[in-house]
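The primary structure of each chain is shown beneath.
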Amino acid sequence: MKMQKSALNFKGHRVTKILFEENKQFKVSDKKEIPINPSIEKRVIKLPKNDYEVQLSFTLDDEEKKLPFKLQVTISGLFSMNDEDDEFLEGNAIAILFPFLRSLIATVTVNADVPPLVLPVFNIAETLKQEKE
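On a predicted model such as this, the values are computed, not experimentally measured, just so you know.

**With respect to unusual backbone geometry**
In most cases, non-glycine residues show a negative phi, while peptide bonds are predominantly trans.
Stage number 1. A positive phi is found at K49, a non-glycine position, where the angle reads about 60 degrees.
Stage number 2. Within the secondary structure, K49 is located in the loop between strand 2 (39-46) and strand 3 (51-60).
Stage number 3. You can call K49 exposed: its relative accessible area is 75%.

**Comments concerning the sheet that holds strand 3**
Stage number 1. Taken in spatial order, the four strands line up as 1-4-3-2 in an open sheet, and their pairing is antiparallel. Each end of this open sheet is capped by a strand with a single partner; those strands are strand 1 (8-22) and strand 2. Along the sheet, successive strands turn relative to each other by an average axial angle of 15 degrees, direction set aside.
Stage number 2. Where strand 1 meets strand 4 (residues 69-81), 13 bridges bridge the pair, whose relative direction is antiparallel. Following the sheet pairing, E21 is matched in strand 4 by K70.
Stage number 3. Taken strand by strand, helix 1 (residues 86-111) contacts strand 1, strand 2, strand 3 and strand 4, and its axis lies near 145 degrees from that of strand 4.

**Describing the pairing of strand 2**
Each regular strand displays side chains that alternate between the two surfaces of the sheet.
Stage number 1. Bridge count for strand 2 against strand 3 is eight bridges, and the pairing is antiparallel. Paired with S39 across the two strands is T59, which belongs to strand 3.
Stage number 2. Counted along the chain from strand 2 to the antiparallel partner strand 3, the turn is four residues long, and its residue K49 has a positive phi close to 60 degrees.

**Details of the pattern of salt bridges**
Stage number 1. Applying the stated criterion across every chain, the model contains four salt bridges.
Stage number 2. Put simply, D51 and K11 hold a salt bridge, and the shortest N to O gap is 3.1 Å. In this pair, D51 is assigned in strand 3 and K11 in strand 1, connecting sequence segments 40 residues apart.
Stage number 3. By relative accessible area, K11 is classed as partly exposed at 45%.

**Comments concerning a negative patch on the surface**
Stage number 1. A surface patch of like charges, here negative, comprises D83, E84, D85 and D86.
Stage number 2. The topology assignment puts D83 in the loop between strand 4 and helix 1.

**Comments concerning the packing of aromatic side chains**
What characterises a pair of aromatic rings is the spacing of the ring centres plus the angle enclosed by the ring planes.
Stage number 1. Tallied over the full model, the rule gives three aromatic pairs.
Stage number 2. When the centroid spacing of 5.0 Å and the interplanar angle of 35 degrees are considered together, the rings of F10 and F79 count as tilted. Residue F10 is found in strand 1, and its partner F79 is found in strand 4; the two are separated by 69 residues along the sequence.
Stage number 3. Judged by its relative accessible area of 29%, F10 falls in the partly exposed class.
Stage number 4. Three or more aromatic residues joined by ring pairs form one cluster here, namely F10, F79 and F100.
Stage number 5. Here K46 stacks its cationic end above the ring of Y52, 4.9 Å away from the centre of that ring.

**Looking at the nonpolar core**
Stage number 1. Core analysis: the biggest nonpolar cluster contains 27 residues, and L56, F58, L71, L101 and I105 have the highest contact counts within it.
Stage number 2. Broken down by secondary-structure element, the contributors of at least two residues to this core are strand 3, strand 4 and helix 1.
Stage number 3. The element best represented in this core is helix 1, accounting for nine residues.
Stage number 4. If we skip the residues at most four places from it in the chain, L71 touches L19, F20, F58, T59, L60, I105, V108 and T109.

Cut-off values and rules
- Residues numbered from 1 in each chain as written.
- Predicted model: local features only at pLDDT ≥ 70, side-chain atom pairs only at ≥ 80, totals over all residues.
- Heavy atoms only, no water.
- Helix = DSSP H or I, 4+ residues; strand = E, 2+ residues; numbered from the N terminus.
- Buried < 20%, exposed > 50% of the residue type's maximum accessible area, 1.4 Å probe, protein only.
- Pairing = 2+ DSSP bridges.
- Axes fitted to C-alpha atoms, helices over the stretch in contact; angles between N-to-C directions.
- Contact = heavy atoms within 4.5 Å.
- Salt bridge = Lys/Arg side-chain N within 4 Å of Asp/Glu carboxyl O.
- Patch = residues over 30% accessible without salt bridge, like charges linked within 9 Å, V, L, I, M, F, W, Y side chains within 5 Å.
- Areas by Shrake-Rupley, 256 points an atom, 1.4 Å probe, with all protein chains shown as cover.
- Lys, Arg positive; Asp, Glu negative; His and termini not counted.
- Charge placed at Lys NZ, Arg CZ, Asp CG, Glu CD.
- Phe/Tyr/Trp six-rings, centres within 6.5 Å; stacked < 30°, edge-to-face > 60°.
- Lys NZ or Arg CZ within 6 Å of the ring centre and 35° of its normal.
- Core = buried A, V, L, I, M, F, W, Y, C linked by side-chain atoms within 4.5 Å.

Here it is in structure tokens:
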């Protein structure tokens, strides 16, 4: 089988922000699941040559003090591309980064000794595209 080289090259990722704040006023209830409404944002930064930095941020804010914690996580991935197709870059770069974000969120929450927050698998690129429109 001959492998075709992709126009997008993933050079790696790093964690640029983790903020976890426990809500000491949170009261455990009979509910097994707590509804959440997180915010997920992306940012694409053009670098010299054909390189791009793509940031993916997750925020679970708790202004009403109804959640056991507040969480902000940002990861940043470095990519290079042979051509300039912003839609291709954004969609695929976000799809590559999302599993790293999911894993980091689950790890942070389980190590904070709270019920782990495991985001479901979904098409993050399509979801962000629809929110933009």
